[in-house]
Amino acid sequence: GMADILDRDERKRRIAPIRDQAIALASKTSYRHTEIAEAQAELASAGLKDRDILESTPSVLKTGKAGGIGLAEAANLVTGLVTMYDLEKTRQNFEMLGDVLSKTASDTKTDFSEMAEVFKYTGTQSNLLGLTVSRTAALISGLAAANINGSEAGTGLRATLSRLAAPTENARRELKNLGVATKDA
């Protein structure tokens, strides 16, 4: 009925600037507009508002290019990190995350896909322990330097973080001697 037509018109009106951005960015980059639209859809499914999608899409393109990964994968990676670390879904945070990932990948023997795998295992837990994305990336970097990558690094780091979160009595005593306070879980 009439309500469906109005809903459809409203959707078209809202989508037009996002579609136009995908077309404009495709004309200036090596990406196809359909790839950019897929990344924008990932941002939308992560709960970003229209304005935030428009502001964040260029950062996602930069992250995808830097990491040599698909744009939908890049959008998925940064929105996942935003969620894991309770960050606001802003252009600044997407840029910061892209920069952290780029720096870590260029400084070490790891890539974006391997980092994504480690963050999948450890992101939420490291955030709960007070580690930032940058600090966690530094830990991932250290593991990569020892040729421990991907799910192997994720599993090992998650186990280490779990032990730090709930240390045994002996470990708690040693941590106290080192001046580190622990909480009972």
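Use the structure listed above.
Residues numbered from 1 in each chain as written. Predicted model: local features only at pLDDT ≥ 70, side-chain atom pairs only at ≥ 80, totals over all residues. Heavy atoms only, no water.

Q: I tried to follow the overall build of the protein chain on my own but got confused; where do I start?
A: Helix and strand counts for the protein chain come out as nine helices and zero strands. The order of helices and strands in the protein chain, counted from the N terminus, is α-α-α-α-α-α-α-α-α. Reported as C-alpha extents along the three principal axes, the dimensions of the protein chain are approximately 70 × 35 × 25 Å. Counting only residues that meet the buried cut, the protein chain has 35% of its 185 residues in that class. (Helix = DSSP H or I, 4+ residues; strand = E, 2+ residues; numbered from the N terminus. Buried < 20%, exposed > 50% of the residue type's maximum accessible area, 1.4 Å probe, protein only.)

Q: For this particular structure, what's the right way to read the pattern of salt bridges?
A: If the charged atoms of two oppositely charged side chains come close together, the side chains can form a pair. By the definition in use, this model includes 10 salt bridges. The partner of R14 in a salt bridge is D50, and the shortest N-O contact between them spans 2.8 Å. Of this pair, R14 sits in helix 1 (residues 2–28) while D50 sits in helix 3 (residues 50–67), placing them 36 residues apart in sequence. Where R32 meets E35, a salt bridge forms, and the shortest distance between an N and an O atom there is 3.7 Å. When salt bridges with common partners are traced through the structure, they connect R51, D52 and E55 into a single cluster. (Salt bridge = Lys/Arg side-chain N within 4 Å of Asp/Glu carboxyl O.)

Q: Just checking my understanding: could you explain the nonpolar core for this structure?
A: Note that soluble globular proteins tend to have their nonpolar side chains buried in a common cluster. Membership of the largest hydrophobic core comes to 37 residues, with the highest contact counts inside it found for I36, L81 and F119. Within the residue set of this core, elements represented by two or more residues are helix 1, helix 2 (33–45), helix 3, helix 4 (71–84), helix 5 (91–107), helix 6 (112–128), helix 7 (133–145) and helix 8 (150–165). Among the elements that line this core, the one with the most residues is helix 4, at eight residues. (Core = buried A, V, L, I, M, F, W, Y, C linked by side-chain atoms within 4.5 Å.)

Q: Quick question: what am I supposed to make of a nonpolar patch on the surface here?
A: Together, M2, I5 and L6 line one region of the surface with nonpolar side chains, adding up to about 310 Å² of accessible area. Among the secondary structure elements, M2 is positioned in helix 1. (Patch = residues over 30% accessible without salt bridge, like charges linked within 9 Å, V, L, I, M, F, W, Y side chains within 5 Å. Areas by Shrake-Rupley, 256 points an atom, 1.4 Å probe, with all protein chains shown as cover.)

Q: Whenever I open this one, the packing of aromatic side chains confuses me. Can you help?
A: Each aromatic ring pair is specified by the distance between its two centres and by the angle formed by the two planes. For the coordinates displayed, the defined rule picks out one aromatic pair. Seen in terms of ring centroids, Y85 and F119 are 6.2 Å apart; in terms of plane orientation they differ by 80°. Their pairing is edge-to-face. Of this pair, Y85 sits in the loop between helix 4 and helix 5 while F119 sits in helix 6, placing them 34 residues apart in sequence. Each member of the pair Y85 and F119 is classed as buried. (Phe/Tyr/Trp six-rings, centres within 6.5 Å; stacked < 30°, edge-to-face > 60°.)

Q: Please clarify how the packing of helix 6 against helix 7 should be interpreted in this entry.
A: When two helices pack together, you describe them by how their axes are tilted relative to each other and by the distance separating the axes. The N-to-C vectors of helix 6 and helix 7 enclose an angle of 130°; their axes lie 11 Å apart at closest approach. Between helix 6 and helix 7, the interaxial angle falls into the category oblique. Considering the relative orientation of helix 6 and helix 7, their crossing is right-handed. Residues M115, V118, F119, T122 and S126 of helix 6 lie in contact with helix 7, whose contacting residues are V133, T136, A137 and I140. A breakdown of the residues in the contact of helix 6 with helix 7 according to their chemical character gives six nonpolar, three polar and no charged. (Axes fitted to C-alpha atoms, helices over the stretch in contact; angles between N-to-C directions. Parallel < 35°, antiparallel > 145°, perpendicular 65-115°, else oblique. Left-handed = near helix turned anticlockwise from the far one by under 90°. Contact = heavy atoms within 4.5 Å. Nonpolar A, V, L, I, M, F, W, Y, C, P; charged D, E, K, R; others polar.)

Q: Please explain helix 5 as it appears in this structure.
A: Because an α-helix packs 3.6 residues into every turn, residues spaced three or four apart end up facing the same way. End to end, helix 5 covers 24 Å across 17 residues, agreeing with the expected 24 Å (1.5 Å per residue, within 8%). If you follow the buried residues of helix 5, they end up packed against helix 2, helix 3, helix 4, helix 6 and helix 7. (Expected span 1.5 Å × (residues − 1).)

Q: Help me understand the environment of I53 in this model?
A: With respect to the helices and strands, I53 occurs in helix 3. Distance in space between the C-alpha atoms of I53 and R173 is 48 Å, their sequence separation being 120 residues. Other than its neighbours up to four places away in sequence, I53 contacts I18, Q21, Q40, L43, A44 and L48.

Q: Sorry if this is basic, but what is going on with the packing of helix 3 against helix 4 here?
A: Taken N-terminus to C-terminus, the directions of helix 3 and helix 4 make an angle of 110°; their axes are 8 Å apart at the nearest point. With respect to helix 4, the element helix 3 is oriented roughly perpendicular. The segment helix 3 lies against helix 4, with V60, L61, T63 and G64 engaging L71, A74, A75 and V78.

Q: Honestly, unusual backbone geometry in this entry has me stumped. Any pointers?
A: Most peptide bonds are trans, and most residues other than glycine sit at a negative phi. Positive phi, normally seen in glycine, also occurs at D86, with a value near 50°. In this structure, D86 sits in the loop between helix 4 and helix 5. With a relative accessible area of 64%, D86 lands in the exposed category. At N147, a position not held by glycine, the phi torsion is positive, near 60°. Turning to its location among the elements, N147 is positioned in the loop between helix 7 and helix 8. The exposure class of N147 is exposed, given its relative accessible area of 53%.

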